[in-house]
Amino acid sequence: MPYSLKDKRVLIVGGSSDIAAALATDLLQEGARVTLAGRNIEKTTVAAKAIGDAVRPMTLDLSDEESIQAAADQVRTAGGLDHLVSVATERSNGPVASLERRALLAAFDAKVVGPILLAKHFAQLIAEKGSLLFFSGLAAWRPSPGLVAMAATNGSVSTLASALAVELAPTRVNAISPGVIDTSNWDTAVPDKREWFRQIATSAPVGRVGDPSDVSAAAHVLLVNPYITGETLHVDGGARWS
Ligand SMILES: NC(=O)c1ccc[n+]([C@@H]2O[C@H](COP(=O)([O-])OP(=O)(O)OC[C@H]3O[C@@H](n4cnc5c(N)ncnc54)[C@H](OP(=O)(O)O)[C@@H]3O)[C@@H](O)[C@H]2O)c1
């Protein structure tokens, strides 16, 4: 029997992101029971309600172990979890000479230390055939000036997925590495989003930037395929090779 996500309990950390919204929407349509977690409960509640009344909001701050433990305690009381996904990121971009320790630590909390603590507190709550899924990104595989922290954190995510896959087996642990995806954070990240996307599309083998639905479809594969673990799935339209 193929593994179905119907009735599976999925917790998505970084709940206010567009990619989390796309994944939550698709999971809901498949009959999964979705919880969105975020460090700001008001923002996370708004994001959950925008997807559907069935989506539950939860507080979880990846830079605060007590908050992670409290979320895990809630999940334990509710009977456990099938899949835990973290899409969270904190950006600490700029020339290396300008980088500040506080922002660097926040970036590592969101992508590396936080996910390790998620594994620490949630791994024993994951049901048979369940998995953990973390988010890497193209900057690790195609470094650019000004993106040193992004490269280092995203590269660590991929290594972390392999290491946790070995330690937490048979629970599966995977990573997704998106390329440029058309999400709202680009509205302010570049001066002219449309022109930036046009340039990316011109150089990308697939001739376009990604859509959150592309990432959600790839996440689906990693959640349901019982023979994939320790893997990083690149959803970048071939951008590593352009
Ligand atoms: N969009 C792209 O083009 C692209 C490209 C490559 C990789 N990716 C990766 O894909 C993932 C999703 O990207 P996105 O653009 O949709 O992200 P995004 O819009 O920047 O959202 C990031 C999310 O992380 C949350 N977050 C940050 N620090 C946190 C913490 N300490 N605890 C809990 N949550 C925290 C934010 O919460 P708040 O709302 O509270 O700030 C927000 O919900 C990220 O991992 C990103 O690196 C995206």
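In every chain, residue numbers begin from 1 and rise along the written sequence. A pLDDT threshold of at least 70 governs which residues receive local features in this predicted model, and a stricter bar of 80 or more applies before side-chain atom pairs are shown or counted, although totals over entire chains, interfaces and linings include all residues. Side-chain descriptors were evaluated using all non-hydrogen atoms of the structure, hydrogens and water having been removed beforehand.

(A) Looking closely at the UniProt feature "domain: Ketoreductase" (unreviewed entry) in the protein. Cross-referencing UniProt, the feature "domain: Ketoreductase" (unreviewed entry) maps to residues 8–189 in the present numbering. Secondary structure content for residues 8–189 is 46% helix and 21% strand, and the end C-alpha separation is 35 Å. UniProt positions are given in the numbering used here, feature names are shortened, and annotations may be inferred rather than shown by experiment. Numbering of helices and strands starts at the N terminus; helices are DSSP runs of H or I of at least 4 residues and strands are runs of E of at least 2.

(B) Seen up close, the site of the ligand. If a single non-hydrogen atom of a residue is within 4 Å of a molecule or strand, that residue counts as near it. Taken together, 28 residues sit near the ligand, with Ser-16, Val-87, Arg-91, Lys-111 and Asn-185 positioned nearest. In this structure, Lys-43 approaches the ligand through a side-chain N or O atom, which is 2.8 Å from an oxygen atom. Surface accessibility in these figures is a Shrake-Rupley result with a 1.4 Å probe; residues are shielded only by whichever protein chains are displayed. Protein chains shield 89% of the accessible area of the ligand, which is 910 Å² for the free molecule. The set of elements that each furnish at least two residues to the shell around the ligand consists of α1 (18–29) and α4 (101–122). Residues are sorted three ways: Asp, Glu, Lys and Arg are charged, Ala, Val, Leu, Ile, Met, Phe, Trp, Tyr, Cys and Pro are nonpolar, and all the rest, Gly among them, are polar. Tallied by class, residues from the shell around the ligand come to 11 nonpolar, 10 polar and seven charged. The definition of a polar contact used here is a pair of N or O atoms within 3.5 Å, where within protein one atom must be able to donate a hydrogen and the other to accept one, and adjacent residues in sequence count solely through side-chain atom pairs.

(C) Broad picture of the pattern of salt bridges. Salt bridge, as used here, is a side-chain nitrogen of Lys or Arg placed within 4 Å of a carboxyl oxygen of Asp or Glu. Per the stated rule, a full pass over the model turns up 11 salt bridges. Within this structure, Asp-182, Asp-187, Lys-193 and Arg-194 form a network of salt bridges that share partners.

(D) Structural context of the nonpolar core. We call a set of buried Ala, Val, Leu, Ile, Met, Phe, Trp, Tyr and Cys residues a nonpolar core when their side-chain atoms join them within 4.5 Å. Exposure categories follow from relative accessible area, calculated using a 1.4 Å probe and restricted to protein chains: below 20% of the type maximum is buried, above 50% is exposed, and the middle band is partly exposed. Ranked by size, the top nonpolar core spans 30 residues in total, and within it Leu-11, Leu-60, Leu-84, Leu-118, Phe-122, Leu-132 and Val-173 carry the most contacts. If you list the elements that add at least two residues to this core, you get β1 (9–13), α3 (65–77), β4 (81–86), α4, β5 (126–135), α5 (148–168) and β6 (172–178). In terms of residue count, α5 provides more of this core than any other element does, six residues in total. Contact between two residues is taken to exist if any of their heavy atoms lie within 4.5 Å; hydrogens are not considered. Apart from residues lying up to four places away in sequence, Val-173 is in contact with Leu-132, Phe-134, Ala-161, Leu-164, Ala-165, Leu-168, Thr-229, Gly-230 and Glu-231. Ile-12, Val-55, Ile-176 and Val-224 belong to the second largest nonpolar core, which has 29 residues in total.

(E) Up close: helix α8 (residues 212–224). The span one expects for a helix is its residue count, reduced by one, times 1.5 Å. For α8, spanning 13 residues, the distance from its first C-alpha to its last is 19 Å, which sits close to the expected 18 Å at 1.5 Å a residue. Among the residues of α8, those classed as buried are Pro-212, Val-215, Ser-216, Ala-218, Ala-219, Leu-222, Leu-223 and Val-224. Buried residues along α8 sit against α1, β4, β5, β6 and β7 (232–235).

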